[in-house]
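Structural characterization, general
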Amino acid sequence: MEKNYRILLAEDEPKLGQVIQEELTRLDYRVDLAYDGLVAEKLFAEHNYALILLDINLPYKNGFALCKQFRETNKKVPIIMLTALGEIQDKMDAFNLGADDYIVKPFHFDELNARIKVALKHAETIEEVFENIEIGDLTIDFSTKMVTRAGVEIPLTAKEFSLLALLARNRGKVISKQQILEKVWDLSFDTGTNTIEVYISFLRNKIDKPFNDKLIHTKPGFGYYIK
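Residues numbered from 1 in each chain as written. Predicted model: local features only at pLDDT ≥ 70, side-chain atom pairs only at ≥ 80, totals over all residues. Heavy atoms only, no water.

Examining the overall build of the protein
We apply this condition: The numbering of helices and of strands both runs from the N terminus, where a helix is a DSSP run of H or I of at least 4 residues and a strand a run of E of at least 2. What the globule rule says is 2.2 Å times the number of residues to the power 0.38, and the radius of gyration is computed from C-alpha atoms. Throughout this description, buried means an accessible area under 20% of the type-specific maximum (1.4 Å probe, protein chains only), exposed means over 50%, and partly exposed covers the range between. Only heavy atoms matter for contacts: two residues are in contact if any of them lie within 4.5 Å across the pair. Only the protein chains shown count as cover for residues, and the accessible areas themselves come from Shrake-Rupley with a 1.4 Å probe. Two residue types count as positive, namely Lys and Arg, and two as negative, namely Asp and Glu; His and chain ends fall outside the count. A single reference atom marks each charge: NZ on Lys, CZ on Arg, CG on Asp, CD on Glu.
For the protein, the helix and strand inventory stands at eight helices and eleven strands. What you see for the protein is a C-alpha radius of gyration of 18 Å, in line with the 17 Å of a compact globule of 227 residues. A principal-axis box enclosing the C-alpha atoms of the protein has dimensions of 50 × 35 × 35 Å. Here the protein, with 227 residues, has 45% of them falling under the buried criterion. In the protein, once contacts between residues fewer than 6 apart in sequence are set aside, the share between residues at least 24 apart is 57%. Total accessible area on the protein is roughly 11,900 Å²; 51% of this is exposed by carbon and sulfur atoms. Looking at charge distribution, the protein has the averaged site of its 30 positive side-chain charges lying 4 Å from that of its 35 negative ones.

See below:
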């Protein structure tokens, strides 16, 4: 590993937390372990982390509250939720609060390591230089990462912005789920989850729902496009 990345791990199960910390340390990550939400909050304020691993059921301050707080403070740091809560609503809540990924316990450490590598790589990818893109009354400013429609600013998470940017750069072209996985999540395989559908729904709620003209479209069996 070229860089000695520093990771914040918030996990209230001591044995699991120690195992994850030891395995990541073996791979040359620097890992700060917090067993409750208040300690995690304190550590986050004291250090600049490359990535955050968050359990949801933390004592004193849960992972949802921390995710929201951390995302408001730092727009770019990757946040991966580690939790036994596998319901779709839990995942949607986490993504809405700014989480980048969601791993349900029990999980294999190799999967966690792979997800961490993808998240760190994505966070460090330099955004290609593009002029502003305008599609109807929608404007995407790549320098400020600001999106507006009909003059109204639309706040997006980093993943939502990346997904919208991919569709916009390929205006009128149908983008498959596999292409979205590769370009937005850096995954060469389908994880079998409905993450893409969830994020398309997030975008539609923000980009289309408040307005009369719909820009994001689905071609059943093929993928999504914007026009």
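Some points on the sheet that holds strand 5 (residues 101-104)
Heads up, the condition is: Strands are labelled as partners when DSSP assigns at least two bridges between them. Note on geometry: axes are C-alpha line fits, over the in-contact stretch for helices, and angles between N-to-C directions span 0 to 180 degrees.
If you walk across this open sheet you meet the five strands as 2-1-3-4-5, and the pairing is parallel. Two strands bound the open sheet, and with one partner strand each, they are strand 2 (30-34) and strand 5. Averaged over all neighbouring strand pairs, the angle between strand axes comes to 20°, with direction disregarded. Sheet analysis places strand 3 (residues 51-55) next to strand 4 (residues 79-83), joined by four bridges and oriented parallel. If you follow Ile-52 over to strand 4, its bridge partner there is Ile-79. Contacts from helix 1 (residues 14-26) reach strand 1 (6-10), strand 2, strand 3 and strand 4, with the element oriented near 170° to strand 2. Sheet strands touched by helix 2 (residues 37-46): strand 1, strand 2 and strand 3. Its angle to strand 2, the strand with the most contacts, is close to 145°.

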